[in-house]
Amino acid sequence: AHWSPFDFDALGPQVPSFNTTSNNGLVLNNASLHFQLEQQAAWIAQIQEYIGWLRTEMNASSLDAASKTRTRVDAQIQMTRTMTEHVNILSQEEAKYAYLANSQCNNGTAS
């Protein structure tokens with residue numbers, strides 16, 4: 001049976017990477033892999049920093065000076081929602097990093 005490589009989006013595994021990019025091919029691109037791991041690690045650090053900031057500032061939240069319509073409780077509720085969303089994003093991004101870090105290039109199966 002004959003198949004054309006042009007009939008496929010990618011030959012071989014397609015591993016999600018930083019943002020919406022992916023690392024793919026019969027042998028994953030080792031040079032791109034290290035750059036993508038660095039980008040992903042920096043993104044994870046930014047998310048962790050933001051979550052830390054939310055935790056610190058949650059207790060200091062106060063009235064919205066401009067409209068005076070938000071109470072401390074409203075601000076804390078919104079910050080809790082935002083923190084929960086970012087904890088979920090962090091979990092997804094850490095899973096993406098782990099999957100990318102355990103790809104062919106790091107496991108020695110790529111030559």
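Residues numbered from 1 in each chain as written. Predicted model: local features only at pLDDT ≥ 70, side-chain atom pairs only at ≥ 80, totals over all residues. Heavy atoms only, no water.

**Things to note about the overall build of the protein chain**
Point 1. When helices and strands are tallied, the protein chain shows three helices and two strands.
Point 2. Residue burial in the protein chain is summarised as follows: out of 111 residues, 25% are buried.
Point 3. Long-range contacts, defined as pairs at least 24 residues apart, comprise 54% of the intrachain contacts of the protein chain with a sequence gap of at least 6.
Point 4. For the protein chain, the accessible surface area stands at approximately 7700 Å², while carbon and sulfur atoms represent 53% of it. (Helix = DSSP H or I, 4+ residues; strand = E, 2+ residues; numbered from the N terminus. Buried < 20%, exposed > 50% of the residue type's maximum accessible area, 1.4 Å probe, protein only. Contact = heavy atoms within 4.5 Å. Areas by Shrake-Rupley, 256 points an atom, 1.4 Å probe, with all protein chains shown as cover.)

**So, the nonpolar core**
Point 1. Judged by nonpolar contacts, Ile44, Ile47, Ile51, Leu54, Met58, Met79, Met83 and Leu90 together constitute the single largest core of eight residues.
Point 2. For this core, the secondary-structure elements that each account for two or more residues are α1 (30-58) and α2 (72-101).
Point 3. With five residues, α1 is the single largest residue contributor to this core.
Point 4. Ignoring anything within four residues of it in the chain, the contact list for methionine 58 reads Gln76, Met79, Thr80 and Met83. (Core = buried A, V, L, I, M, F, W, Y, C linked by side-chain atoms within 4.5 Å.)

**Digging into the pattern of salt bridges**
Point 1. Summed over all chains, the structure comprises one salt bridge.
Point 2. Note that lysine 96 and glutamate 93 form a salt bridge whose closest N and O atoms lie 3.7 Å from each other. Taken as a pair, lysine 96 and glutamate 93 lie in helix α2 at a separation of three residues, close to a single helical turn. Of the two residues, lysine 96 and glutamate 93, neither departs from the other in class, the shared state being buried. (Salt bridge = Lys/Arg side-chain N within 4 Å of Asp/Glu carboxyl O.)

**Here's the deal with the packing of aromatic side chains**
Point 1. One pass over the structure, following the stated rule, counts one aromatic pair.
Point 2. Consider the rings of tyrosine 50 and tryptophan 53, whose centres lie 5.9 Å apart with planes at 15°: the pair is stacked. Highlighted residues: tyrosine 50 and tryptophan 53, both in helix α1, separated by three residues, approximately one helical turn.
Point 3. For tryptophan 53, a relative accessible area of 44% corresponds to the partly exposed category. (Phe/Tyr/Trp six-rings, centres within 6.5 Å; stacked < 30°, edge-to-face > 60°.)

**Here's the deal with α1**
Point 1. With 29 residues, α1 extends 42 Å from end C-alpha to end C-alpha; this agrees with the ideal 42 Å at 1.5 Å per step.
Point 2. Residues Leu33, Gln36, Leu37, Gln40, Ile44, Ile47, Ile51, Leu54 and Met58 constitute the buried set of α1. (Expected span 1.5 Å × (residues − 1).)

**Things to note about the side chain of glutamine 36**
Point 1. With respect to the helices, strands and loops of the structure, glutamine 36 is situated in helix α1.
Point 2. Looking at glutamine 36, the relative accessible area reads 9%, which means it is buried.
Point 3. Once you skip the residues sitting within four places of it in the chain, glutamine 36 turns out to touch Ser17, Phe18, Thr21, Ser22, Asn23 and Leu100.

**Some words on the side chain of threonine 82**
Point 1. Secondary-structure assignment places threonine 82 in helix α2.
Point 2. Once residues lying within four places of it in the same chain are set aside, the contact partners of threonine 82 are Tyr50 and Leu54.

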